[in-house]
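Below, each chain spelled out in residue letters.
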Amino acid sequence: LLLLLGNLKGGLIVALANPLSMLFAFIGMNWAGLSGNLMSLGAIDFGLIVDGSVVMIENAVRHLSKGSATDARRSSQLLEAGREVARPIVFAVGIIIIVYLPILTLEGVEGKMFRPMALTVIFALVGSLILSLTLMPVLASFFLKGEDRETALIRWIKRGYLPFLKQSARHPVITVSFAAAVFAGSLALVPFLGAEFIPRLDEGAIALQAWRLPSVSLSESVRNTTLIERILKRFPEVETVVSRTGRAEIATDPMGVEISDIYAILKPPQSWKTAGTKEGLIEAMDAALKRAVPGTLFSYSQPIELRVQELIAGVRSDVAIKLYGEDLEVLKEKAEEIARVVSRVPGAADVKAEQVAGLPTLRVRVTRQATARYGINASQ
């Protein structure tokens, strides 16, 4: 509004829509029990929020520039301006809100990640719609006057745009045919684009998990993890390696000493020599680790991604198959069968069945009559 209409007051009035719409959104978030974080607030687009207010104030400026500045005349002009654009504003903001409604039907990991974002945006848009239809005309009646002048920027744009517009209007068939051809070309590209609901962001690090036999001792786990660290450090792409075995005293992550988390922090991809992609680097690392550390299973992820998946879904993988039953031996047998089938599916990597058995135990049954002959009771 400042650059295109040369109206500073109009720009300031519209700018008020941002904090007031966010206040409305915060009230809605508090009512819905949503916390303010990157996932809930990161998608807020202030361009969307001020759309309705921009249209309302711009039309108000246009109407006020037509007649006298008496209070009665100004009120009727603003009322007429509001009526002209009220329905288009409601439809425009309503269409944007409708776009976000399908996200509210998501469940599982996607639902927990994206529903707070959709609700926050909807709250903000509803607030902006109410403000554009009520507060904006009132503020316009207080602060806007009947002044409308063409700015230098508009004059410069018109010099290039109007001749182009006239040529397009003179040749409607060519104009429409060109637009249709571009649209058809874009549809032809769709099958080759691929699709991904949640794009994988590169964190610049690799999180490995090493799984050993459940009966392994802590000292053997430490020795094994140290060997893994040394092998990873041989790769020139690795800047540093940090590992963690078992669980901490605050057991937020239930892991036995047979499981280790190893974090390999990588150098910038421009300096890589082993492979040009992270997938190629992981393949090279996996081959080297399997040669040097037999009997250990490895899975590969990223530090933040690994924790988010574990916190939200309870598993550290992209896809998990949960099997329920009472007999641990049958569960173990069926889980291994499922893992063999799934590993043959194209695109599957790092397929493994979590260990539910295999920890050796020693069960002692005290024969009380025999111990009594030696003068020893069962509690001793």
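Residues numbered from 1 in each chain as written. Predicted model: local features only at pLDDT ≥ 70, side-chain atom pairs only at ≥ 80, totals over all residues. Heavy atoms only, no water.

Trainee: Report on the packing of aromatic side chains, specifying residues and quantitative values.
Mentor: Evaluated as defined, the whole model comprises 1 aromatic pair. Here the aromatic rings of Phe142 and Phe143 are separated by 6.3 Å at their centres, their planes lie at 55 degrees, and the arrangement is tilted. The exposure class assigned to Phe142 is exposed, which follows from its relative accessible area of 60%. (Phe/Tyr/Trp six-rings, centres within 6.5 Å; stacked < 30°, edge-to-face > 60°. Buried < 20%, exposed > 50% of the residue type's maximum accessible area, 1.4 Å probe, protein only.)

Trainee: How would you explain the nonpolar core if you had to name every residue and give the values?
Mentor: Formed by 37 residues in total, the largest nonpolar core has its most connected members in Ile57, Tyr100 and Leu144. Elements with a minimum of two residues in this core: α2 (8–15), α3 (17–32), α6 (51–64), α7 (71–100), α8 (108–133) and α9 (135–143). No other element matches α8, which puts 10 residues into this core. If sequence neighbours within four positions are ignored, Leu144 has contacts with Asn7, Lys9, Gly10, Ile13, Ile57, Ala60, Val61, Leu64, Arg74 and Leu139. Residues Ile231, Ala275, Ile282 and Tyr300 belong to the second largest nonpolar core, which totals 22 residues. (Core = buried A, V, L, I, M, F, W, Y, C linked by side-chain atoms within 4.5 Å. Helix = DSSP H or I, 4+ residues; strand = E, 2+ residues; numbered from the N terminus. Contact = heavy atoms within 4.5 Å.)

Trainee: Outline the layout of surface pockets, supporting the account with residue identities and numerical values.
Mentor: Computed from the structure, the largest pocket encloses a volume of approximately 1,600 Å³. Lining the largest pocket are 47 residues, with Ser317, Asp318, Val319, Ala349 and Asp350 sitting closest to its centre. For the lining of the largest pocket, the secondary structure elements donating two or more residues are β1 (205–211), α13 (278–292), β4 (297–301), α14 (303–313) and α15 (328–343). If you tally residues by element for the lining of the largest pocket, the top one is α15, at 6 residues. Grouping the amino acids of the lining of the largest pocket by side-chain chemistry returns 24 nonpolar, 9 polar and 14 charged. (1 Å grid on protein atoms, 1.4 Å probe; cavity = no way out; pocket = protein on both sides within 12 Å on 5 of 7 lines; lining within 4 Å. Points joined across faces, edges and corners; volume = space filled by probe spheres on them. Nonpolar A, V, L, I, M, F, W, Y, C, P; charged D, E, K, R; others polar.)

Trainee: Residue-level account of the sheet that holds strand β2 (residues 238–245), with values.
Mentor: Ordered in space as β2-β3-β1-β4, the 4 strands form an open sheet in which the pairing is antiparallel. Looking at the sheet topology across the chains shown, the edges are occupied by β2 and β4. Neighbour-to-neighbour, the strand axes of the sheet open up by a mean angle of 20 degrees, direction not taken into account. Summarising the sheet, β1 and β4 pair through 5 bridges and their orientation is antiparallel. Bridge pairing links Ala207 to Ser301 in β4. The strands touched by α13 within the sheet are β1, β2, β3 (259–266) and β4, with β4 carrying the most contacts at an inclination of about 165 degrees. (Pairing = 2+ DSSP bridges. Axes fitted to C-alpha atoms, helices over the stretch in contact; angles between N-to-C directions.)

Trainee: Provide a residue-level description of the pairing of β1, including the pertinent values.
Mentor: For β1, a buried count of 7 out of 7 residues is recorded, marking the element as mostly surrounded by other parts of the structure. Of the two faces of β1, both are covered, the one formed by Ala205, Ala207, Gln209 and Trp211 as well as the one formed by Ile206, Leu208 and Ala210. Here β1 pairs with β3 via 7 bridges, running antiparallel. Note on β3: the bridge partner recorded for Gln209 is Asp261.

Trainee: How would you sum up the environment of Leu331? Please name residues and give values.
Mentor: Mapped onto the secondary structure, Leu331 falls in helix α15. The spacing of Leu331 and Ala357 is 26 residues in sequence and 9.2 Å in space, taken between C-alpha atoms. Once residues lying within four places of it in the same chain are set aside, the contact partners of Leu331 are Leu323, Tyr324 and Gly325.

Trainee: So what's going on with the packing of α3 against α8? Which residues, and what values?
Mentor: For the pair α3 and α8, interaxial distance at closest approach is 8 Å and the crossing angle is 130 degrees. Comparing their axes, α8 and α3 come out oblique. For α3 against α8, the interelement crossing comes out right-handed. Here α3 contributes Ala17, Leu20, Ser21, Phe24, Ala25, Gly28, Met29, Trp31 and Ala32 to the contact with α8, which in turn contributes Thr120, Phe123, Ala124, Val126, Gly127, Ser128, Ile130 and Leu131. Residue classes in the contact of α3 with α8 are distributed as 12 nonpolar, 5 polar and no charged. (Parallel < 35°, antiparallel > 145°, perpendicular 65-115°, else oblique. Left-handed = near helix turned anticlockwise from the far one by under 90°.)

Trainee: Could you give me a rundown of a nonpolar patch on the surface, with the residues and numbers involved?
Mentor: A cluster of nonpolar residues, Leu2, Leu3, Leu4, Leu8, Leu12, Leu153, Trp156, Ile157, Tyr161, Leu162 and Leu165, forms a patch on the protein surface that exposes about 1,100 Å² of accessible area. Among the elements of the structure, α1 (2–5), α2 and α10 (152–170) are those that each provide at least two residues to the nonpolar patch. In terms of residue count, the dominant contributor to the nonpolar patch is α10 (6 residues). What makes Tyr161 partly exposed here is its relative accessible area of 44%. (Patch = residues over 30% accessible without salt bridge, like charges linked within 9 Å, V, L, I, M, F, W, Y side chains within 5 Å. Areas by Shrake-Rupley, 256 points an atom, 1.4 Å probe, with all protein chains shown as cover. Salt bridge = Lys/Arg side-chain N within 4 Å of Asp/Glu carboxyl O.)

Trainee: Now, about the pattern of salt bridges: what can you tell me, with residues and values included?
Mentor: Applying the stated rule across the entire model yields 7 salt bridges. Ionic pairing is found between Lys278 and Asp202, a salt bridge with its closest N-O pair at 2.6 Å. Pair noted here: Lys278 is in helix α13 and Asp202 is in the loop between α11 (172–189) and β1, with a separation of 76 residues, a long-range link. Overall, the relative accessible area of 14% leaves Lys278 in the buried class. Look at Asp202 and you get exposed, because its relative accessible area is 54%. Among the salt bridges present, the one from Asp261 reaches Arg244, with a minimum N-O distance of 2.8 Å. Remark: Arg244 occurs in strand β2 and Asp261 occurs in strand β3; sequence separation between them is 17 residues.

Trainee: Can you lay out empty space enclosed by the protein for me, pointing to particular residues and giving the numbers?
Mentor: To find leftover empty space, a probe the size of one water molecule is rolled over the atoms. For the coordinates displayed, the defined rule picks out 1 cavity of 30 Å³ or more. Of the voids in this model, the largest cavity is the one considered here, and its volume is about 40 Å³. What lines the largest cavity is simply Ala43, Ile44, Asp45, Leu48, Ile49, Val121, Ala124 and Leu125. Listing elements by their share of the lining of the largest cavity, those giving two or more residues are α5 (46–49) and α8. Among the elements that make up the lining of the largest cavity, the one with the highest residue count is α8 (3 residues).

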